[in-house]
Amino acid sequence: MKQAVDERFLISPFLVFFIVHATQVGVGVLGFQRPLMKEAGQDAWMAVLLAGLAAHALIWLMYRLLAYSPSDGDIVSLHEHYFGRWFGGVLSTGLLFYYALAAFTVLQSYIEIIKVWVFPLMGAWQFSLIFLVLTYYVVSGGFRVVASLCFWGVVIPLVTIFPMLFFSLEYAQYRNLLPVFDHSPAQIIKAANDMALQYLGFEMLLMYYPFLKNAPSSQKWAHAANALTTFIYLTVMFISIIFYNKEQIEHVTWPTLTLAKIPQVPFIERMEYIVISIYVLVVFPIIAVSVWAATRIAKQLFSVRQRRSLPVLLACLFIGTLFFQEKTAIERLMQWTAKVGFSVIAVYVPLLYVYVWTAEKVKKALQQKP
Amino acid sequence: MRRGLLWLGALLLLGGCASSRPIDEIQIIQQMGYDFEDNHYVGTAVYPTFKQGSMTKPNMLTTSSPTVYDLIPRLSSKSALPIEEGQLRLILFGKQFAERGIEQITHSLARNNKVGSHLFLGVAEGSAKELLEITAKTTLSDTLYLPNLVKQNEQSMNLPKTNLHLFLYRYFSPGSDPFLPYFEKKGEFVKLEGVALFRDGRYVGRVSLRDSFLMKILLGETKNGVYQLKVGERGKQGEDRVMLQNLWAKPTYRWKRDGNRHTLDVSVHIHASVKDYPSWLDEPGANLFADVKKKMEKELEQNMRRLFRYFQEKRIDPLGIGDFVRSVTRQWDRESFYREYPDLDIRPRVTVDIIHTGIGE
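Just so it is clear, the model here is predicted, and its values are computed rather than measured.

**Structural notes on the overall build of chain A**
Item 1. Counting its regular elements, chain A contains 15 helices and zero strands.
Item 2. Since a compact globule built from 370 residues should have a radius of gyration of about 21 Å, the 21 Å found for chain A is in line with a globular shape.
Item 3. Looking at chain A residue by residue over its 370 residues, the buried ones come to 46%.
Item 4. In chain A, the proportion of contacts linking residues at least 24 apart, taken out of those at least 6 apart, comes to 84%.

**A closer look at the overall build of chain B**
Item 1. Counting its regular elements, chain B contains 11 helices and 14 strands.
Item 2. Taking all 361 residues of chain B together, 37% fall into the buried category.
Item 3. If you take every contact in chain B between residues at least 6 apart in sequence, the share linking residues at least 24 apart comes to 67%.

**A look at the confidence of the model for chain B**
Item 1. Per-chain confidence: chain B averages 85 in pLDDT, with 90% of residues scoring 70 or above.
Item 2. Predicted complex, confidence summary: ipTM 0.87, pTM 0.90.

**Things to note about the packing of helix H6 (residues 143–164) of chain A against helix H12 (residues 271–278) of chain A**
Residues and elements named next belong to chain A.
Item 1. Direction vectors running N to C along H6 and H12 enclose 155 degrees, while the axes themselves pass 10 Å from each other. Judged on the interaxial angle alone, H12 and H6 are roughly antiparallel. Here H6 runs over H12; the crossing is left-handed. Taking contact as the criterion, the partners of Ile156, Pro157, Thr160, Ile161 and Met164 in H6 are, on H12, Met271, Val275 and Ile278.
Item 2. In terms of residue class, the contact of H6 with H12 is made up of seven nonpolar, one polar and no charged.

**With respect to the sheet that holds strand S2 (residues 31–37) of chain B**
Backbone hydrogen bonds are what pair the strands of a sheet, in a parallel or an antiparallel way.
Residue and element names in this part refer to chain B.
Item 1. With mixed pairing, eight strands are arranged side by side in an open sheet as S4-S3-S2-S6-S7-S8-S9-S10. In this open sheet, the two strands that pair with only one neighbour each are strand S4 (56–65) and strand S10 (202–208). Adjacent strand axes in the sheet meet at a mean angle of 30 degrees when their direction is disregarded.
Item 2. Sheet topology note: the strand S8 (residues 179–186)/strand S9 (residues 189–199) ladder contains eight bridges and is antiparallel. Residue pairing for S9: Leu180 is matched across the bridge by Ala196.

**Here we look at the nonpolar core**
One recurring pattern in soluble globular proteins is that nonpolar side chains are buried together.
Item 1. Grouped together as the largest cluster of nonpolar side chains are 117 residues, with contacts concentrated most on Ile19, Ala44, Ala47, Ala103, Val146, Ile287 and Ala288 of chain A.
Item 2. Sorting elements by how many residues they give to this core places helix H4 (residues 75–117) of chain A first, with 15 residues.
Item 3. In this structure Val146 of chain A touches Val138, Val139, Ala288, Val289 and Trp292 of chain A, once residues within four positions along its chain are discounted.
Item 4. Leu71, Ala128, Tyr145 and Leu192 of chain B belong to the second largest nonpolar core, which has 86 residues in total.

**Things to note about the interface of chain A and chain B**
Item 1. Listed as interface residues are 19 residues of chain A and, on the opposing side, 20 residues of chain B.
Item 2. Listing elements by their share of the side of chain A that touches chain B, those giving two or more residues are H4 and helix H10 (246–249) of chain A.
Item 3. Residue composition of the side of chain A that touches chain B, by class: eight nonpolar, five polar and six charged.

**Details of the sheet that holds strand S14 (residues 345–356) of chain B**
All names here are of chain B.
Item 1. Strand order in the open sheet made by the four strands is S11-S12-S13-S14, with mixed pairing throughout. Lying at the two open borders of the sheet, with one neighbouring strand each, are strand S11 (226–230) and S14. Taken over all neighbouring pairs, the strand axes of this sheet differ in orientation by 40 degrees on average, direction set aside.
Item 2. As paired elements, strand S12 (residues 241–258) and strand S13 (residues 261–276) share 15 bridges and run antiparallel to each other. Note that in S13 the partner of Leu244 across the bridge is Val274.
Item 3. Where helix H8 (residues 209–218) meets the sheet, it contacts S11, S12 and S13, and its direction lies at approximately 50 degrees from that of S12.

**Focus: the pairing of S2 of chain B**
Successive side chains on a regular strand alternate, one facing one side of the sheet and the next facing the other.
Residues and elements named next belong to chain B.
Item 1. The element S2 is extensively covered by neighbouring structure, given that six of its seven residues are classed as buried.
Item 2. Where S2 meets strand S3 (residues 40–50), seven bridges bridge the pair, whose relative direction is antiparallel. Opposite Gln31, over in S3, you have Val46 as the bridge partner.
Item 3. Here S2 hands over to S3 after two residues, with Asp38 in that stretch at a positive phi of 45 degrees.

**A few points about the packing of H4 of chain A against helix H15 (residues 327–368) of chain A**
Residue and element names in this part refer to chain A.
Item 1. Taken N-terminus to C-terminus, the directions of H4 and H15 make an angle of 150 degrees; their axes are 10 Å apart at the nearest point. It follows from the interaxial angle that H4 and H15 lie roughly antiparallel. Considering the relative orientation of H4 and H15, their crossing is left-handed. Note on element contacts: H15 touches H4 through Lys327, Ile330, Leu333, Met334, Thr337, Val340, Gly341, Val344, Val356 and Ala359, opposite Tyr82, Tyr98, Leu101, Ala102, Thr105, Gln108, Ser109 and Glu112.
Item 2. Tallied by class, residues from the contact of H4 with H15 come to 11 nonpolar, five polar and two charged.

**What to know about unusual backbone geometry**
Item 1. Residue Leu178 of chain A is joined to Pro179 of chain A through a cis peptide bond whose omega torsion reads -15 degrees.
Item 2. Assignment of secondary structure puts Pro179 of chain A in the loop between H6 and helix H7 (185–196).
Item 3. For Asp200 of chain B, which is not glycine, the phi dihedral falls at a positive 50 degrees.
Item 4. Residue position: Asp200 of chain B is located in the loop between S9 and S10.
Item 5. Judged by the 11 C-beta atoms lying within 10 Å of it, Asp200 of chain B is exposed.

**Thoughts on the pairing of S10 of chain B**
Residues and elements named next belong to chain B.
Item 1. One ladder, built from six bridges, connects S9 with S10; its direction is antiparallel. Paired with Gly194 across the strands is Ser208, a residue of S10.
Item 2. The hairpin turn running from S9 into S10, its antiparallel successor, is two residues long, and Asp200 in that turn takes a positive phi close to 50 degrees.

**Concerning H8 of chain B**
Residue and element names in this part refer to chain B.
Item 1. With respect to burial, H8 is a largely interior element, seven of its 10 residues being buried.
Item 2. Buried within H8 we find Ser212, Phe213, Leu214, Met215, Lys216, Ile217 and Leu218.
Item 3. Gly220 sits one or two positions beyond H8 and adopts a positive phi of about 95 degrees.

**Notes on H4 of chain A**
Item 1. Across its 43 residues, H4 of chain A extends only 39 Å between first and last C-alpha, which sits more than 12% below the 63 Å expected from 1.5 Å per residue.
Item 2. At Gly84 of chain A, H4 of chain A shows its strongest bend, of approximately 130 degrees.

**Focus on the environment of His40 of chain B**
Residues and elements named next belong to chain B.
Item 1. Mapped onto the fold, His40 is located in strand S3.
Item 2. His40 gets classed as exposed once you count the C-beta atoms within 10 Å, which come to 12.
Item 3. Contact partners of His40, with chain neighbours within four places excluded, come to Ser64, Ser65 and Pro66.

**Some details on the environment of Ile330 of chain A**
Item 1. Along the polypeptide, Ile330 of chain A turns up in helix H15.
Item 2. Between the C-alpha atom of Ile330 of chain A and that of Leu121 of chain A, which follows or precedes it by 209 residues, the distance is 18 Å.

**Comments concerning the environment of Ile26 of chain B**
All names here are of chain B.
Item 1. Turning to its location among the elements, Ile26 is positioned in the loop between helix H1 (2–15) and strand S1 (27–28).
Item 2. Note on Ile26: 16 C-beta atoms within 10 Å, which makes it partly exposed.
Item 3. Through-space distance from the C-alpha of Ile26 to that of Pro82 is 5.1 Å; in sequence the pair is 56 residues apart.

Conventions used here
- Residues numbered from 1 in each chain as written.
- Chains lettered and ligands numbered in written order.
- Predicted model: local features only at pLDDT ≥ 70, side-chain atom pairs only at ≥ 80, totals over all residues.
- Helix = DSSP H or I, 4+ residues; strand = E, 2+ residues; numbered from the N terminus.
- Rg over C-alpha atoms; globule rule 2.2 N^0.38 Å.
- Buried ≥ 20, exposed ≤ 12 C-beta atoms within 10 Å, placed from the backbone.
- Contact = placed C-beta atoms within 7 Å.
- pLDDT = per-residue confidence, 0-100.
- Axes fitted to C-alpha atoms, helices over the stretch in contact; angles between N-to-C directions.
- Parallel < 35°, antiparallel > 145°, perpendicular 65-115°, else oblique.
- Left-handed = near helix turned anticlockwise from the far one by under 90°.
- Nonpolar A, V, L, I, M, F, W, Y, C, P; charged D, E, K, R; others polar.
- Pairing = 2+ DSSP bridges.
- Core = buried A, V, L, I, M, F, W, Y, C linked by C-beta atoms within 7 Å.
- Expected span 1.5 Å × (residues − 1).
- Bend = angle between axes of the 7 residues up to and from the residue.

Here you go:
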């Protein structure tokens, strides 16, 4: 059995709010409207709401699951406890790969945006090098540094990027929202299914749970973070519905960035470049948290110090970015990661919970028998 | 020491990555013209050259090519400095070019991350090149003459709002068609002459600047615009007109089923100020304005009906009536709506409130 984390490495429960929110909102918010509006048109906002509620349920489930973990441990000790060293280890390794993949996808898709909008002539490796060196700096500082990065990754974009989107209401066509419920429930649920991927990110909680002081009390903060995420997605969705029409949005790759073309101030005419630059602060915490989570699994499983595994993982990510250049390849990668993430969080976690729950029941029943 | 060297190395390595473009080493295009002449596309770019202080002089580059996409690279071959299109403010299409369709250009603009959404588009009678030449010649330091002309007229006069975003919005919308400002050459001047109408990206007709006032109101833009109305038969020329200035207007559309046909009721409420009116209306005591109001309403209704009929004949929908009907119909069917559209019964009803007549009586 592993020891509980030393108290000086712990963080306050309310910081979960920033970590969960920072990891949920990523590159997806720039372009999630397209598939949703294709499926559900002006009713797409309902799908956003539905998926948000589903995420609430999954967060609740995750807290219930982690409560079973021995001595406030993480998912790795949970796996070990219920599946034994070997099979549990295999499951945890799978999770390690998933976290690494998540970091890689976010990095890759942000690099793509920079390349398309700002620096078309630069190679991907230059950005990924800068990014990964920064990640090394942050993650080697430990979880508390990662958490504080998440804090700024929430606050700064919220006060700078978010208000910019409201400028586009100058061109609002409110009738685009009508008629409400013009799509079948099946279409809306299918759109909600697409939307669910945008809420991913809170599954990192499975790893940093032991780092929370008085962890169960942090649940309300995780829910609050998810509520804020839902609110932001909902606002962006509403603005996009009244700003674009259904056909037009099909021709826009990143509708949210194109929205940011509308505000104009005398000294900067094109705000979307500012948005893209500030977006580093949105993307960076996700990469840092997932890289941290991956190295943490490596430490728990193989007793490799994070300082050792970190450079290896970052090198792998760096080499990976050299191979993905084409837009279609990156898109396929994103879809694939989304599928994996979806099955981890919406299929694997509930199944695991059911298994752990029945195992505990059976154990109790056996103990009560004389 | 080791850390310092590391930083120095990083700085040296990364410093080489910068690709800077200082402002005086690029050619900033501000206006662009597209024409189609003798089976060739002609592209015209207007760029400012900076002289002393704030003095700028518009300069032009022209080139022709058998294809559209080739124009900017070909312009480059005539320019000493690299061409940047990030500051484009206006793209002018010659009428012939617009009749052949401007989809190619607008699609490429929609994909171009460098141009802004506030870019104006416009149609020139005759050739765009000629118009741009005139503005370059007649304006001394204002290189943005045409874009400012459009902006001014949208903000305070009859022209409905247009820009790249709105053009694309209406172009892609299943329930509306785009329109653009229309310019004409008048002697040595360029004059805004109304609104050019498009069907599927092709120029099909235009309405006058006077009628664009009605378009502006019917599109739901609440403020600005002037409209001259004939209210009587007496007096000399010009003695029976009033000038109506729109202070606030609101259209309300209502979609009704009438047997197996549909009707569209359009009621427009205008708050107007009338400052210019003939002297016989000033007769003290007699309340002649009530009568004039009725006449104004009737004439506005008649003109709206004429405008609707023109759009129906041309089978275009710049007012977005289809989009309105979509918003009140479940499972709106575009095909069947536009099949019905040419003989749709559209009934405009106008109410004018004369808020004031200036500070004199």
